[in-house]
Amino acid sequence: KNRFAQFVIVYGERGGGKHEIVKALCNHLALPMRVYENTVEGARLAQQMVETTGQSQICVFYDTDNMRQEAFSILLKTTEEVENKCYIIITCSSLEKIPATIINRGYTVKQPYYEREVLCGYARNMFGIEDFEILNFVLSIAHTPGQIREINAFKSIKEFKDYVELTAKEIDKVDIVNAMKM
């Protein structure tokens, strides 16, 4: 606790375990955690909590990739004035979307990379399949356990594969935003 960074940025692919890393960090610190919205109002609330409560706490902002510049500015000011007993943790999928001033202020933690064999075993267990072609198809799209779980929402791998192939075939006929909402 005494040597823990007060501002941490956890980054990596969607579905790769960033939220679990944050939970582990919060458990390690053994302090109350509060999750804030990625809005200007959320950043102001966190700033207020850090500056006025005097309580040991952890302020968490999940998935900050699309946070507005104004909210990042408030967050930057908050990290400059953070008390010894307060911590701020944010997550994002890529550091490229986070202002350099924020990155320079924080300690970055990259989520682990998942080896293909690990993901293959995870997909096998989840779907109960051994067909190499289907497993290869799943792993060509999903690079994290969370992404594999999203595919599992379909009734079958065949249904998912048909959906992907139809989307690819008809991509010029649908709104790209809706086609890629996977």
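In this text, all values refer to a predicted model and were calculated from it rather than measured experimentally.

The rules behind each value
- Residues numbered from 1 in each chain as written.
- Predicted model: local features only at pLDDT ≥ 70, side-chain atom pairs only at ≥ 80, totals over all residues.
- Heavy atoms only, no water.
- Helix = DSSP H or I, 4+ residues; strand = E, 2+ residues; numbered from the N terminus.
- Buried < 20%, exposed > 50% of the residue type's maximum accessible area, 1.4 Å probe, protein only.
- Pairing = 2+ DSSP bridges.
- Axes fitted to C-alpha atoms, helices over the stretch in contact; angles between N-to-C directions.
- Contact = heavy atoms within 4.5 Å.
- Salt bridge = Lys/Arg side-chain N within 4 Å of Asp/Glu carboxyl O.
- Polar contact = N/O pair within 3.5 Å; in protein donor to acceptor, adjacent residues only side chain to side chain.
- Phe/Tyr/Trp six-rings, centres within 6.5 Å; stacked < 30°, edge-to-face > 60°.

## Thoughts on the side chain of Thr-78
Phase 1 of the analysis: Inspection of the secondary structure assignment puts Thr-78 in helix α3 (residues 69-80).
Phase 2 of the analysis: Taking the relative accessible area as the measure of exposure, Thr-78 reaches 2% and is therefore buried.

## Regarding the sheet that holds strand β2 (residues 33-36)
Phase 1 of the analysis: What the five strands build is an open sheet, ordered β2-β3-β4-β1-β5; its pairing is parallel. The open sheet terminates on both sides in strands that have one partner only, identified here as β2 and β5 (107-110). The average undirected angle you get between the axes of adjacent strands in this sheet is 20 degrees.
Phase 2 of the analysis: In the sheet, β2 pairs with strand β3 (residues 57-61) via four bridges, with the strands oriented parallel. By the bridge assignment for β3, Met-33 is matched with Ile-58.
Phase 3 of the analysis: Its contacts with the sheet place helix α1 (residues 18-29) against β1 (7-11), β2, β3, β4 (86-92) and β5, and it is angled at close to 170 degrees to β4.
Phase 4 of the analysis: Running at roughly 145 degrees to β4, α3 makes contact with β1, β3 and β4 of the sheet.

## Side note on the side chain of Gln-47
Phase 1 of the analysis: Looking at where Gln-47 falls in the secondary structure, it is placed in helix α2 (residues 40-52).
Phase 2 of the analysis: We classify Gln-47 as buried; its relative accessible area is 14%.
Phase 3 of the analysis: The contacts of Gln-47, once residues within four sequence positions are left out, are Ile-74, Lys-77 and Thr-78.

## Section: the pairing of β4
Phase 1 of the analysis: Among the seven residues in β4, seven count as buried, and that is most of the element.
Phase 2 of the analysis: Both faces of β4 are covered, namely the face carrying Cys-86, Ile-88, Ile-90 and Cys-92 and the face carrying Tyr-87, Ile-89 and Thr-91.
Phase 3 of the analysis: When β1 meets β4, the two strands line up parallel, connected through five bridges. From the neighbouring strand, Val-8 faces β4, where its bridge partner is Ile-89.

## Focus: the pattern of salt bridges
Phase 1 of the analysis: Counted according to the given criterion, the structure contains four salt bridges.
Phase 2 of the analysis: Arg-44 is the salt-bridge partner of Glu-70, the closest N and O atoms lying 3.2 Å from each other. Taken together, the positions of Glu-70 in helix α3 and Arg-44 in helix α2 put the pair 26 residues apart, joining distant regions of the chain.
Phase 3 of the analysis: Between Glu-70 and Arg-68 there is a salt bridge, with the nearest N and O atoms lying 3.1 Å from each other.
Phase 4 of the analysis: By relative accessible area, Glu-70 is classed as partly exposed at 37%.
Phase 5 of the analysis: What makes Arg-68 exposed here is its relative accessible area of 54%.
Phase 6 of the analysis: When salt bridges that share partners are traced, they join Arg-44, Arg-68 and Glu-70 into one network.

## As for the environment of Gln-111
Phase 1 of the analysis: Summarising the element assignment, Gln-111 is placed in the loop between β5 and α5 (116-127).
Phase 2 of the analysis: Considered as a pair, Gln-111 and Tyr-11 are 100 residues apart in the sequence and their alpha carbons are 6.0 Å apart.
Phase 3 of the analysis: Excluding residues within four positions of it along the chain, Gln-111 makes contact with Tyr-11, Gly-12, Glu-13, Gly-16, Gly-17, Lys-18, Ile-21 and Thr-144.
Phase 4 of the analysis: Separated by 2.9 Å, the side chain of Gln-111 and the backbone oxygen of Glu-13 make a polar contact.

## Topic: the packing of aromatic side chains
Phase 1 of the analysis: For the structure on display, the rule yields one aromatic pair.
Phase 2 of the analysis: Seen in terms of ring centroids, Tyr-36 and Phe-61 are 5.5 Å apart; in terms of plane orientation they differ by 25 degrees. Their pairing is stacked. Here Tyr-36 is found in strand β2, whereas its partner Phe-61 is found in strand β3, with 25 residues between them in sequence.
Phase 3 of the analysis: On the basis of relative accessibility, which here comes to 4%, the residue Tyr-36 falls in the buried class.

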